[in-house]
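Structural characterization, general
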Amino acid sequence: MSRVRIAPSLLACDLGRVADEVRSVAAAGADLLHFDVMDGHFVPNLTFGPGLCAAVRRLTELPLDVHLMVTNADDLVEPFAVAGAGRIAVHVEAVTHLHRTLGRIHALGAVPGVAINPATPVAALDEVWPLVGFLLVMSVDPGFGGQRLIPEVLDKLARLRAIRDRRAPGVELAVDGGVESDNAGELQRLGADILVAGTAVFGAADRSAAIARLRGEEAG
Ligand code: DX5
Ligand code: ZN
């Protein structure tokens, strides 16, 4: 089993000190930085735009993992790619012409991802496996940080892992929502390559220890 990668979600950081927060998780060994974009339509909350993404880009070399929880992803992939997003995920539930949208992300030089909500069946992804670099397997209904992981997602993750290994070994599986040290080991065992974690990282005073715990390492 290769080492799981950790993507702290900026949604849970102290927004009054974004620059310090970004630097603290970079120094603590984060592999990616997860950037939650919410539009107040697809999800009942509003967050960050391309301007903040570009500002964060200037603070760190970490890959920016942009999660678009928006109804108009087609309007936003380009501004986020220009702002420095290296990875952009759109929701299978929100995008009408998914091949076109994923092709656009790829053409803009970013890695295309598809996010899938807890209640959306795995079959919704059947036709897009060859087009994606990663799947963002939602383990909560998106919109807010600090929710509890929905347990039915564990079996779904295992099924996605089996399909991935058979059909598209290059596709990374990321799990997003309610990830904490108590479930991180099981998520890894069931097939997660990347764990997105907001509260579990930014809610901890010692970010290195929090990231180590999510990896299942002894905090040094
Ligand atoms: C939920 C977001 C998640 C969120 C995770 O809508 O997509 O990325 O920030 O936060 P925690 O880890 O606190 O559940
Ligand atoms: Zn997210």
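Attention here is on the structure that accompanies the text. (Residues numbered from 1 in each chain as written. Chains lettered and ligands numbered in written order. Predicted model: local features only at pLDDT ≥ 70, side-chain atom pairs only at ≥ 80, totals over all residues. Heavy atoms only, no water.)

**A word on the overall build of the chain**
- Of regular secondary structure, the chain possesses eight helices and eight strands.
- In terms of overall dimensions, the chain is globule-like: its C-alpha atoms have a radius of gyration of 16 Å, near the 17 Å expected for 220 residues.
- Across its three principal directions, the C-alpha atoms of the chain cover 45 × 35 × 30 Å.
- Buried positions account for 55% of the 220 residues belonging to the chain.
- Long-range pairs, those at least 24 residues apart, make up 63% of the contacts in the chain with a sequence separation of at least 6.
- Of the roughly 9500 Å² of accessible surface on the chain, 51% is carried by carbon and sulfur atoms.
- Measuring between centres, the 20 positive side-chain charges of the chain sit 4 Å from its 27 negative side-chain charges. (Helix = DSSP H or I, 4+ residues; strand = E, 2+ residues; numbered from the N terminus. Rg over C-alpha atoms; globule rule 2.2 N^0.38 Å. Buried < 20%, exposed > 50% of the residue type's maximum accessible area, 1.4 Å probe, protein only. Contact = heavy atoms within 4.5 Å. Areas by Shrake-Rupley, 256 points an atom, 1.4 Å probe, with all protein chains shown as cover. Lys, Arg positive; Asp, Glu negative; His and termini not counted. Charge placed at Lys NZ, Arg CZ, Asp CG, Glu CD.)

**What about the sheet that holds strand β7 (residues 172–176)?**
- Read across the sheet, eight strands follow the order β1-β8-β7-β6-β5-β4-β3-β2 without closing on themselves; strand pairing throughout is parallel. For this open sheet the edge positions go to β1 (5–8) and β2 (33–38), each flanked by a neighbour on one side alone. Taking each pair of neighbouring strands and ignoring which way they run, the sheet shows an average axis angle of 25 degrees.
- Where strand β5 (residues 111–116) lies against strand β6 (residues 134–138), four bridges are found, and the strand directions are parallel. Across the sheet, residue V114 finds its bridge partner in β6, namely L135.
- Packed on one face of the sheet, helix α8 (residues 207–215) meets β1 and β8 (194–197) and runs near 135 degrees to β1. (Pairing = 2+ DSSP bridges. Axes fitted to C-alpha atoms, helices over the stretch in contact; angles between N-to-C directions.)

**Structural notes on the site of ligand 1**
- Taken together, 20 residues lie near ligand 1, and S9, G143, D176, G198 and T199 sit nearest.
- Between ligand 1 and the protein, one listed contact pairs an oxygen atom with a side-chain N or O atom of H34 at 3.3 Å.
- G146 is positioned such that a nitrogen or oxygen atom in its backbone is 2.8 Å from an oxygen atom of ligand 1.
- Expressed as a share of its isolated accessible area of 380 Å², the protein-covered part of ligand 1 is 99%.
- Mapping ligand 1 onto the cavity grids shows that it belongs to the largest pocket.
- Put simply, the parts of the chain that give the shell around ligand 1 at least two residues each are β2, β3 (64–69) and β8. (Near = heavy atom within 4 Å. Polar contact = N/O pair within 3.5 Å; in protein donor to acceptor, adjacent residues only side chain to side chain. 1 Å grid on protein atoms, 1.4 Å probe; cavity = no way out; pocket = protein on both sides within 12 Å on 5 of 7 lines; lining within 4 Å. Sits in = over half its atoms within 2 Å of the grid points.)

**Describing the pattern of salt bridges**
- As enumerated under the stated definition, the model contains 16 salt bridges in all.
- The partner of E21 in a salt bridge is R17, and the shortest N-O contact between them spans 3.7 Å.
- Overall, E21 belongs to the buried group, its relative accessible area being 3%.
- Judged by its relative accessible area of 40%, R17 is partly exposed. (Salt bridge = Lys/Arg side-chain N within 4 Å of Asp/Glu carboxyl O.)

**Considering the side chain of T60**
- Considering the arrangement of structural elements, one finds T60 in the loop between α2 (50–57) and β3.
- The class of T60 is buried, set by a relative accessible area of 9%.
- Looking at T60, its side chain comes within polar contact range of the main-chain nitrogen of L62, at 3.0 Å.
- In contact with T60, other than residues within four places in its own chain, are V22, A26 and L33.

**Here we look at the nonpolar core**
- Judged by nonpolar contacts, the single largest core of 65 residues is most densely connected at L68, F80, I88 and L135.
- Excluding residues that lie within four positions of it along the chain, F80 makes contacts with F35, V37, F48, G49, P50, C53, V66, L68, A85 and I88.
- If you look at the next biggest cluster of nonpolar residues, it comprises 11 residues, including L32, A89, M138 and V196. (Core = buried A, V, L, I, M, F, W, Y, C linked by side-chain atoms within 4.5 Å.)

**A word on the packing of aromatic side chains**
- Scanning all chains against the criterion turns up two aromatic pairs.
- Here the aromatic rings of F35 and F48 are separated by 5.1 Å at their centres, their planes lie at 50 degrees, and the arrangement is tilted. One end of the pair, F35, is in strand β2; the other, F48, is in the loop between β2 and α2, and 13 residues separate them in sequence.
- Of the aromatic side chains, those joined through ring pairs into one cluster are F35, F48 and F80.
- Directly above the ring of F134 sits R87, whose terminal nitrogen or CZ lies 4.1 Å from the centroid. (Phe/Tyr/Trp six-rings, centres within 6.5 Å; stacked < 30°, edge-to-face > 60°. Lys NZ or Arg CZ within 6 Å of the ring centre and 35° of its normal.)

Scope: geometric values only; no functional claims are made or implied.
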